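# Secondary and tertiary structure notes
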Amino acid sequence: APAPPPTRHHFSDPAEVEALRGNLLAWYDRCKRDLPWRALAATEPDADRRGYAVWVSEIMLQQTQVATVIDYYNRWMQKWPTLQALAQASLEEVNELWAGLGYYSRGKRLQEAARKVVSELGGHMPRTAEALQKLLPGVGRYTAGAIASISYGQATGVVDGNVIRVLCRLRCIGADSSSLAVIDRLWDMANALVDRSRPGDFNQALMELGATVCVPKAPLCGECPVKQHCQARCRKLFGKPIPVPDVEDCGVGDCPLCPPATEPWDSSLGVTNFPRKAAKKQPRAMRTATCVLERRGCRGGPEYLIVQRPSSGLLAGLWEFPSLPLAQDLQEKKEREVLADHLQAWMGQPVAAKGLQFIGEVIHIFSHIHQTYVVYSLPLEGNVTLDPASPSRWVTEEEFHASAVSTAMKKVL
């Protein structure tokens, strides 16, 4: 077998770059998934609508699977087909449609930015990645690059989780891929690789490759359109690179982009040696007492009291059953007492702790919180006067599911 080429952490051969671009774009043209935002971006003649369509998709796709986003995206674009329509919507409407997507602040910032475009920018989207990131709240470096390249043809790269994985494998980058030094190098690489004539398609192709072929645990290397450019695959096939220093090689022994000496190449892992990530921080544990207050409605069916969360912080502005964070290791008797006191503040009348019926516990995992909801029930007779200073309302089960409530609260019900 021929000796493998030396490992390099960058693309230095213009001919190789052109070949990689051509192979990747040809594969994308044949194999790309049919997604609604791609269709809009390809057919919408109005530049602002095109930018808005891509923007919505990119915000929704952050931390969310494509299969989940499609239905949300279609409903969103049907309800608010333009920036102007979104700017006129209420936050309550936005939260209701966003419910279940998670990271609710994304939808809130999207609407805030739409209002800014309408009120301060004459209704026109910024056209460059630099301007998008600078002028629109909630638009970071990746989202700005995606909008600018896909909607406006700016030759700028993008780096998201899929791109990180592809580039780290292409060039055997084994340092912590979340470190600033590695991220900066990957952005440099993405900007150098992007096809100047089809930047949007190239960026989508790179992301599509990571999402469908160069996947985290069982990559389909045999189907990869750029496998001949992949140093990780080459290393898997031929073993360690030849130990001959080259002017373009990484530094010997102390390269900041190679795998650390304490975690060397594992031949059993092959290409999945890359990328390397820092140990994930464990989510903190939280306990919350939640009470489902129930009364008989005017039509005879049950109604439930929901209250609105503060306008900032976790699940900002969403509706929930009256809830109270608990100290860890609190005894059940004390839990009932503190919850009864909390409910009394809402209702303006004494609540007997012994009247609270323990239902069970619901566990919900947020990205950074392992949340346990300790669920109680309290049936009510007659009218209850609620605190007018705090947003609250009674809803039927159907109205509850149509409201801006979190997935966790749906589990509680």
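Please read these numbers as outputs of a predicted model, since none were measured by experiment.

Definitions and cut-offs
Residues numbered from 1 in each chain as written. Predicted model: local features only at pLDDT ≥ 70, side-chain atom pairs only at ≥ 80, totals over all residues. Heavy atoms only, no water. Domains from an automatic or database assignment. Contact = heavy atoms within 4.5 Å. Buried area = accessible area lost by both parts, 1.4 Å probe. Salt bridge = Lys/Arg side-chain N within 4 Å of Asp/Glu carboxyl O. Helix = DSSP H or I, 4+ residues; strand = E, 2+ residues; numbered from the N terminus. Nonpolar A, V, L, I, M, F, W, Y, C, P; charged D, E, K, R; others polar. Disulfide = S-S within 2.5 Å. Buried < 20%, exposed > 50% of the residue type's maximum accessible area, 1.4 Å probe, protein only. Core = buried A, V, L, I, M, F, W, Y, C linked by side-chain atoms within 4.5 Å. Expected span 1.5 Å × (residues − 1). Axes fitted to C-alpha atoms, helices over the stretch in contact; angles between N-to-C directions. Parallel < 35°, antiparallel > 145°, perpendicular 65-115°, else oblique. pLDDT = per-residue confidence, 0-100.

### Topic: the domain arrangement of the protein chain
- What the domain assignment reports for the protein chain is domain 1 (9–273) and domain 2 (284–411).
- For domain 1 and domain 2, the distance between their C-alpha centres works out to 40 Å.
- Across the contact, eight residues belong to domain 1 and 15 residues belong to domain 2.
- Taken over both partners, the interface formed by domain 1 and domain 2 buries close to 760 Å², and the fraction arising from carbon and sulfur atoms is 46%.
- Seen at the junction of domain 1 and domain 2, the total is one salt bridge.
- In this structure, arginine 393 engages glutamate 92 in a salt bridge whose closest nitrogen and oxygen atoms are separated by 3.8 Å.
- No other element matches the three residues that helix α6 (residues 91–98) contributes to the side of domain 1 that touches domain 2.
- Within the side of domain 1 that touches domain 2, the residues separate by chemical class into three nonpolar, two polar and three charged.

### Some thoughts on the state of the cysteines
- Inspection of the entire model under this criterion finds zero disulfides.
- The thiol of cysteine 168 is unpaired, and the distance to the nearest cysteine sulfur, on cysteine 214, comes to 9.7 Å.
- Free of any disulfide, cysteine 221 has its nearest cysteine sulfur in cysteine 230, 6.4 Å distant.
- The class of cysteine 221 is partly exposed, set by a relative accessible area of 22%.

### A short note on the nonpolar core
- Residues Tyr52, Trp55, Met60, Trp76 and Leu209 are the most contacted members of the largest nonpolar core, which totals 102 residues.
- Among the domains, domain 1 (9–273) and domain 2 (284–411) are the pair contributing at least three residues each to this core.
- Setting aside residues no more than four positions away along its own chain, leucine 209 makes contact with Leu24, Trp27, Val166, Cys214, Cys224, Pro225 and Val226.
- Listed in part, the 20 residues of the second largest apolar core include Val351, Val374, Leu386 and Trp394.

### Digging into helix α9 (residues 141–152)
- When the terminal C-alpha atoms of α9 are compared, their 16 Å separation across twelve residues agrees well with the 16 Å that a helix rising 1.5 Å per residue should span.
- In terms of burial, α9 is largely enclosed, as eleven of its twelve residues are buried.
- Taken from the residues just after α9, glycine 153 is the one with a positive phi, measuring 70 degrees.

### Describing the side chain of serine 406
- Assignment of secondary structure puts serine 406 in the loop between α15 (397–402) and α16 (407–412).
- Those residues in contact with serine 406 that sit more than four places away from it in its chain are Tyr104, Leu315, Leu318 and Trp319.

### Looking at the packing of helix α10 (residues 161–170) against helix α12 (residues 199–212)
- Following both chains from N to C, one finds α10 and α12 inclined at 85 degrees, their axes separated by 8 Å at the closest point. Here α10 is positioned roughly perpendicular relative to α12, judged by the angle of their axes. Here Asn162, Val163, Arg165 and Val166 of α10 come into contact with α12, specifically with Leu206, Met207, Leu209, Gly210 and Ala211.
- Considered class by class, the residues forming the contact of α10 with α12 number six nonpolar, two polar and one charged.

### Details of the side chain of glutamine 204
- Note that glutamine 204 resides in helix α12.
- In this structure, glutamine 204 is in contact with Tyr28, Arg38 and Ile150, ignoring residues within four places of it in sequence.

### Notes on the environment of serine 312
- Within the secondary structure layout, serine 312 lies in the loop between β2 (302–308) and β3 (319–320).
- Exposure remark for serine 312: the relative accessible area of 56% places this residue in the exposed category.
- For the pair formed by serine 312 and serine 105, sequence separation is 207 residues and the distance between their alpha carbons is 8.6 Å.

### So, the packing of helix α4 (residues 66–79) against α6
- Two elements in contact, α4 and α6, have axes whose closest approach is 10 Å; the angle formed by their N-to-C orientations is 155 degrees. Relative to α6, the element α4 is oriented roughly antiparallel. Across from Tyr72, Arg75, Trp76 and Lys79 in α4, the residues of α6 making contact are Glu93, Val94, Leu97 and Trp98.
- Looking at side-chain class alone, the contact of α4 with α6 contains five nonpolar, no polar and three charged residues.

### Structural notes on the confidence of the model for the protein chain
- Summary statistics for the protein chain give a mean pLDDT of 89 and a share of 93% for residues scoring 70 or more.
- Low pLDDT, under 50, characterises residues 1–6; the predicted model gives this stretch 13 contacts beyond four residues in sequence or across chains.

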